[in-house]
Amino acid sequence: MPEKFLKPYDPIATEARIYAEWEKSGLFNPDECVKQGVTGVDAPPYSIVLPPPNVTGRLHMGHALMLAVEDIFIRYKRMRGFRTLWLPGTDHAAIATQSVVEKQIKKDEGKNRHDLGREELLKRIEAYATESHDIIVSQVKTMGASLDWSREAFTLDETRTNAVRKVFKKMYDAGLIYRGLRIVNWDPKGQTTISDDEIVYEERTAKLYTFRYSKDFPISVATTRPETKVGDVAVAVHPDDPRYKEFVGKEYEAVFCDVPIHIKIVADKEVDPTFGTGAVGLTPAHSNTDWEMADRHFLSHEVIVINEYAKMTVPGRLEGKKTTEARDIVVEWLKSEGLFEKEEDIKQNVATAERTGGIIEPLPKLQWFVDVNKPIHGREKTLKELVIEPVRSGAIKIIPDYFEKTYFHWVENLRDWCISRQIWYGHRVPVWYKGEDISVGIEPKEDGWTQDEDTLDTWFSSGLWTFSTLGWPDETDDFKNYHPTDLLETGYDILPFWVMRMILMTEFTLNTIPFKTVYLHGLVRDAQGRKMSKSLGNNLDPLDIAAKFGADAARMALVVGNTPGTDMRMSEDKIKGYKHFANKLWNIARFVLSQERAGEIKEELKAEFDALAKDVTTDIEEYRVYMAAEKIYHYLWHRLADEIIEESKGKDGYSATLYYILENSLKLLHPFMPFITEEIWQSLPAKDSKFLMVAKWPAPATDLRQ
């Protein structure tokens, strides 16, 4: 028995050394596995691309869960003999990254981006992104993730930039990308548009005010934002509301808080007759719903009363005032004019920007959009239809399947996608202007052309992730061999945003699916079920946890009992329990290796173990990794350690059986606890491969190398 087993297992001294040995072996690379003869040259491929972490700092336990689950599938398939590729990369996360750097510059130097200029700011952001990237890679390796680092990608590198420009031009030429004046989510604090998924809704108490526009106006309206009423062009009522039928079609003039307005009464089925007075003032320039209603009734969108800094632009007493200040002024004016009827407290979901906390203003802006409702020439389907079809047909399977309902609901309500952002970090919109001329996708060589100032929404580049990481638009061997990918594993919270966009971009660009299966994990919460956050001080840092208990213990704690799509509670006590399990496994190995291997294998114990191996294999194949982990845990601790080993003490004829069970248990447990299993494997007197990570998966699974 090796001397190391005389001491307790030390994950801190072991894990970094083992990972370095794996990296040195080259066996994370499927090409190297073929070259070294551990994978057949004609073996079927299996691929996962890592959902790229944002280069905005450190990973959290949600990332650790993602890494653990993906590594389980990758290590299992590699041991089964597949040409297994797990491709790493990071996302530039434009708004988030620029926001972090800008805040730091403001704090340290009191300067904003315009003081620095575009070139200097980008230099600072790139330095921060590089530093952040290095921390992330270190964390990923600490968790034992067997990624092929030779293929690492970045959403802003040259290959990905080439792919972005190519897809932008292809969509533009197909008439799906257009520049238009439409309502967008405007962040006055960050001074940029943001996507729907970068909005955080906060429930706040608001005042609902009821009033009339003028003394001779026949209908009362209710709103939480009276300051926007200077931009109203109509009042909408439900067509079946008997209170207002006689007024539909009539038009009125009024001067509202110094601003002349023209109001038409229109009937629209979207109006809720039970909310407020059942009559809604329409402000098309400052509400998406109102904009769409105005379109249906051929009303003007041109009356803009709030600017990019959330200040009023109308003449009179409101001019230049912040919207919150203007609200109080309008309410006072209504009261003084005898137009005010009542106010009441209500709960309201207020849209705020995730990165800056600014309150979102819906504003009409000239932006670049992707049209999701236009039939694509030659395919006669819209992008919406292309996104729904593969999930509905079962070509893409979502686990758990009840999330399909969420997916369909989101897609059916999808609006045209605003893809331009008013920030400097990211893929600059690949459009150049010269007078009335425009060049899309390709930068003209002649002088006099100016590139669009805006950058693209980060989701545009990460939407290409499954194929741009494999070298597309070049016809690389990786692209031919590994696309579509087999599995996308990510959090359920980004199903409608990233997952849907990857399906959209891949179906449009390649006329195929990006992945065959989507496995959705839940959020990792603290022991009380609260979301982890800096403000609560309940964050668990994967690096700290690995240093305290070992990465293997953290991985098991994250996986056991964690069904797909459900949130889980995590505590140091739970992780500590699996550190004890690692110690138990070490003690099992010490006992088995202290005996001379002799005699026959006991068939009934072998059959029992083989049944476990079959169960575990089926569970992994059917995406029940949480059950597979639990079954191995219970077998090793309660059956092998507590019963079989105890029964064997002082008796002959058990050693060959114990060696068989230990060797094959290490294989079953390896995808879940890779470090300790590899460390014990290296001490086995006889084994079928140098590294456990490429050993043959236990029978009865069919090994592709046989």
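Residues numbered from 1 in each chain as written. Predicted model: local features only at pLDDT ≥ 70, side-chain atom pairs only at ≥ 80, totals over all residues. Heavy atoms only, no water.

Caption draft 1: Geometry of the overall build of the chain. When its secondary structure is counted, the chain shows 22 helices and 25 strands. Referenced to the eigenvectors of the C-alpha coordinate spread, the extents of the chain come out at roughly 105 × 60 × 55 Å. Nonlocal contacts in the chain, meaning residues at least 24 apart in sequence, comprise 75% of its contacts between residues at least 6 apart. For the chain, the exposed surface amounts to about 30000 Å²; the carbon and sulfur share of it is 49%. Distance between charge centres in the chain, computed from 92 positive and 112 negative side chains, equals 2 Å. (Helix = DSSP H or I, 4+ residues; strand = E, 2+ residues; numbered from the N terminus. Contact = heavy atoms within 4.5 Å. Areas by Shrake-Rupley, 256 points an atom, 1.4 Å probe, with all protein chains shown as cover. Lys, Arg positive; Asp, Glu negative; His and termini not counted. Charge placed at Lys NZ, Arg CZ, Asp CG, Glu CD.)

Caption draft 2: How the structure looks around the packing of helix α3 (residues 61–79) against helix α19 (residues 603–621). The interhelical angle for the contact between α3 and α19, taken along N-to-C directions, is 120°, at an axis separation of 11 Å. It follows from the interaxial angle that α3 and α19 lie oblique. For the element pair α3 and α19, the recorded crossing hand is left-handed. Within the contact between the two elements, α3 uses F73, Y76 and K77 and α19 uses T617, I620 and E621. Grouping the amino acids of the contact of α3 with α19 by side-chain chemistry returns three nonpolar, one polar and two charged. (Axes fitted to C-alpha atoms, helices over the stretch in contact; angles between N-to-C directions. Parallel < 35°, antiparallel > 145°, perpendicular 65-115°, else oblique. Left-handed = near helix turned anticlockwise from the far one by under 90°. Nonpolar A, V, L, I, M, F, W, Y, C, P; charged D, E, K, R; others polar.)

Caption draft 3: Highlighting the sheet that holds strand β12 (residues 279–282). Pairing in this open sheet of four strands is mixed, and the strands run β10-β11-β9-β12 from one edge to the other. Looking at which strands have only one partner, the edges of the open sheet turn out to be β10 (251–256) and β12. Sheet twist, expressed as the mean angle between neighbouring strand axes with direction ignored, is 30°. (Pairing = 2+ DSSP bridges.)

Caption draft 4: Region of interest: the pairing of strand β9 (residues 234–237). Neither face of β9 is exposed, since A234 and A236 on one face and V235 and V237 on the opposite face are all buried. In this structure, β9 lies alongside strand β11 (residues 259–267), joined through four bridges in parallel fashion. Within β11, the position partnered with V237 by the bridge is A267. Relative to β12, β9 is paired through four bridges, and the arrangement is antiparallel. Paired with V235 across the strands is G281, a residue of β12. (Buried < 20%, exposed > 50% of the residue type's maximum accessible area, 1.4 Å probe, protein only.)

Caption draft 5: Broad picture of the packing of aromatic side chains. By the definition in use, this model includes 34 aromatic pairs. Here the aromatic rings of Y9 and W586 are separated by 5.0 Å at their centres, their planes lie at 45°, and the arrangement is tilted. Taken as a pair, Y9 in the segment before α1 (11–25) and W586 in helix α18 (residues 572–593) lie far apart in primary sequence, 577 residues in all. Take Y9 and W586: they sit in the same class, and that class is buried. Each ring, one from W417 and one from F460, has its centre 6.0 Å from the other, and the planes form 40°; the classification is tilted. (Phe/Tyr/Trp six-rings, centres within 6.5 Å; stacked < 30°, edge-to-face > 60°.)

Caption draft 6: Examining the pairing of strand β18 (residues 431–434) more closely. The sheet contact formed by β18 and strand β19 (residues 437–440) spans four bridges and is antiparallel. Paired with K434 across the two strands is D437, which belongs to β19. In this antiparallel pair of consecutive strands, β18 and β19, the connection spans two residues, and G435 shows a positive phi of 65°. Across two bridges, β18 lies against strand β20 (residues 450–451) in antiparallel orientation. Across the sheet, the residue bridging to W432 is Q451, located in β20.

Caption draft 7: Looking closely at the environment of I399. In this fold, I399 is placed in strand β15 (residues 397–399). Take I399: its relative accessible area is 12%, and that puts it in the buried class. With 121 residues separating them in the primary sequence, I399 and L520 have C-alpha atoms 6.1 Å apart. For I399, the residues in contact, after removing those within four places along its chain, are T517, V518, Y519, L520, P564 and Y623.

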